[in-house]
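So the chains spell out like this:
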Amino acid sequence: MKGKIKAMIAITINQLVFKTLIMEQEYKKTLLKTAVASIISDGHIDEREIDALKEIEKKSPYFSEQDLSQELESLLNKANENCNLFINDTIEDIRRSKL
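Residues numbered from 1 in each chain as written. Predicted model: local features only at pLDDT ≥ 70, side-chain atom pairs only at ≥ 80, totals over all residues. Heavy atoms only, no water.

Student: I'm lost on the nonpolar core in this one. Help?
Tutor: Considering soluble globular proteins, one finds that nonpolar side chains tend to be buried as a cluster. Counting residues in hydrophobic clusters, the biggest one holds 16 residues, and the most contacted among them are Val36, Ile40, Ile45, Leu72, Leu76, Ala79 and Phe86. Here this core gets five residues from one element, more than from any other, and that element is helix α1 (residues 2–40). Setting aside residues no more than four positions away along its own chain, Leu76 makes contact with Val36, Ile39, Ile45 and Ile50. (Core = buried A, V, L, I, M, F, W, Y, C linked by side-chain atoms within 4.5 Å. Buried < 20%, exposed > 50% of the residue type's maximum accessible area, 1.4 Å probe, protein only. Helix = DSSP H or I, 4+ residues; strand = E, 2+ residues; numbered from the N terminus. Contact = heavy atoms within 4.5 Å.)

Student: How should the packing of helix α2 (residues 47–59) against helix α3 (residues 69–81) be read in this particular structure?
Tutor: Two measures define how a pair of helices packs: the angle their axes make with one another and the distance between the axes. It is the contact of α2 with α3, at a shortest axis distance of 10 Å, that shows an interaxial angle of 155°. Taken together, the axes of α2 and α3 lie roughly antiparallel to each other. The element α2 and its partner α3 pack so that their crossing is right-handed. Contact with α2, carried on its side by Ile50, Leu53, Lys54 and Glu57, involves Ser69, Leu72, Glu73 and Leu76 of α3 and no other residues of that element. Across the contact of α2 with α3, the residue classes break down as four nonpolar, one polar and three charged. (Axes fitted to C-alpha atoms, helices over the stretch in contact; angles between N-to-C directions. Parallel < 35°, antiparallel > 145°, perpendicular 65-115°, else oblique. Left-handed = near helix turned anticlockwise from the far one by under 90°. Nonpolar A, V, L, I, M, F, W, Y, C, P; charged D, E, K, R; others polar.)

Student: Looking at this structure, I do not really get α3. What am I missing?
Tutor: Every α-helical turn comprises 3.6 residues, leaving residues that sit three or four positions apart pointing alike. Over its 13 residues, α3 extends 19 Å from the first C-alpha to the last, a length consistent with the 18 Å expected when each residue adds 1.5 Å. What α3 keeps buried is the set Leu72, Leu75, Leu76 and Ala79. Looking straight down α3, one finds its buried side chains confined to an arc of 100°; they lie on one side. Every exposed residue of α3 that faces more than 90 degrees away from the buried side is listed here: Gln70 and Glu81. (Expected span 1.5 Å × (residues − 1). Arc of directions from axis to C-beta.)

Student: Sorry if this is basic, but what is going on with the pattern of salt bridges here?
Tutor: Proximity of charged atoms lets side chains of opposite charge pair with each other. Applying the stated criterion across every chain yields a total of seven salt bridges. One salt bridge connects Asp89 with Lys33, and the closest N-O pair in it is separated by 2.5 Å. Separated by 56 residues along the polypeptide, Asp89 in helix α4 (residues 83–96) and Lys33 in helix α1 bring together distant segments of the chain. The residue Lys59 makes a salt bridge to Glu55 at a minimum N-O spacing of 2.9 Å. One end of the pair is Lys59 and the other is Glu55, both in helix α2 and four residues apart, which spans about a single turn. Assessed through its relative accessible area of 61%, Lys59 is described here as exposed. (Salt bridge = Lys/Arg side-chain N within 4 Å of Asp/Glu carboxyl O.)

Here's what the structure looks like:
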């Protein structure tokens, strides 16, 4: 009986850890998307802003555990396609997220 309870507790803990990691990854992507929305809010992304975001993505200890460079490139491309839609989509993502 004790063995089954311990196994159930271990499974529950593993599930919680996995869910927490997924939520953290989504949170980081939302932060990155919010940063891109902020720099496109004036209708133009300056190269210095892109360089600064890339530097943060590479060197920040918060983002260093996960390679978000492709995510950042994708977000920048989407933002350049239609900045108003990108900003509105980002705001909706923030509203829907469980921060």
